[in-house]
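Here's the letter readout for the chains.
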Amino acid sequence: MNKMNNDEALVVFSGGQDSSTCLFWAKKKFSKVHALTFIYGQKHSLEVEMAGKLAEKAGVDFHLMDVSFIGQLGRNSLTDPSMAMDQEKPEDSCPNTFVPGRNLFFLSIAAVMAREHGINHIVTGVSQTDFSGYPDCRDAFIKSLNVTLNLAMDEQFVIHTPLMWIDKAQTWALADELGVLDIIRNETLTCYNGVPGDGCGHCPACRLRRAGLEKYLASRSEK
């Protein structure tokens, strides 16, 4: 095990709007940043390619890990091409875009990698404000997992969630503050249908992203 370095961070990085904003946030906060991207059986592998390119542009170390077993554990519309995607959140359950255990696995694997690299800061782009009904994006889950990981490995990891209490408009504002608004808008992939940039405009992820952008741009023009 390497000695822990308090000035390095590992970002769980999908190449979408939220994790990309967090990547540039981490670059402002830490002297060295690593990006960890996962292949988990997602239908749109383009996001992995775009994540690699964006990590290179940002000048951070890029790590890619295949954890395709996650997509095989249960049915969801992000990994199963035969399943029609929920357009709205069902009243009594998670939308079928929820991949059970995804953040649990991602953050646990990230902690193991961080430990091996001597890193105790882990960054993730989850948000309880715009969490689409996903239980593994809630603050209580992140805090609980943080304690569990520390106990499991006898380390002092700190999981940072810069977007936890802000909405999509505020996320765009943060990207602008970091000087990467155009990069986040044009060089990330949030769309569930695999369309880069502004996306397809129809899926839940695109509608949320677009509404946030329009709200932020409107507020900026009023100043």
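In what follows, the accompanying structure is described. The shown structure was predicted, so the numbers you read here are calculated from the model rather than taken from an experiment.

Cut-offs applied
- Residues numbered from 1 in each chain as written.
- Predicted model: local features only at pLDDT ≥ 70, side-chain atom pairs only at ≥ 80, totals over all residues.
- Heavy atoms only, no water.
- Helix = DSSP H or I, 4+ residues; strand = E, 2+ residues; numbered from the N terminus.
- Axes fitted to C-alpha atoms, helices over the stretch in contact; angles between N-to-C directions.
- Left-handed = near helix turned anticlockwise from the far one by under 90°.
- Contact = heavy atoms within 4.5 Å.
- Nonpolar A, V, L, I, M, F, W, Y, C, P; charged D, E, K, R; others polar.
- Disulfide = S-S within 2.5 Å.
- Buried < 20%, exposed > 50% of the residue type's maximum accessible area, 1.4 Å probe, protein only.
- Pairing = 2+ DSSP bridges.
- Right-handed = clockwise from strand over helix to strand, strands pointing away.

1. Regarding the environment of Thr148
Take Thr148: it is sitting in helix H5 (residues 139-153). For the pair Thr148 and Ser108, spaced 40 residues apart in the sequence, the C-alpha separation amounts to 9.5 Å.

2. Brief notes about the packing of helix H6 (residues 168-177) against helix H8 (residues 204-221)
As a packed pair, H6 and H8 sit with axes 7 Å apart at the nearest point and diverge in direction by 65 degrees. The hand of the H6/H8 crossing is right-handed. The segment H6 lies against H8, with Lys168, Ala169, Trp172, Ala173 and Asp176 engaging Leu208, Arg209, Gly212, Leu213, Lys215, Tyr216 and Arg220. Within the contact of H6 with H8, the residues separate by chemical class into six nonpolar, one polar and five charged.

3. Description of the state of the cysteines
Under the definition given, this model contains zero disulfides. Lacking any disulfide linkage, Cys203 is separated from the closest cysteine sulfur, that of Cys206, by 3.6 Å. The exposure class assigned to Cys203 is buried, which follows from its relative accessible area of 1%.

4. Topic: the pairing of strand S3 (residues 61-66)
When strand S2 (residues 32-39) meets S3, the two strands line up parallel, connected through six bridges. Bridging across to S3, Leu36 finds its partner in His63. On the question of chirality, the crossover connecting S2 to the parallel S3 by way of helix H2 (residues 46-58) is right-handed.

None of the figures reported here should be taken as evidence of function without further support.
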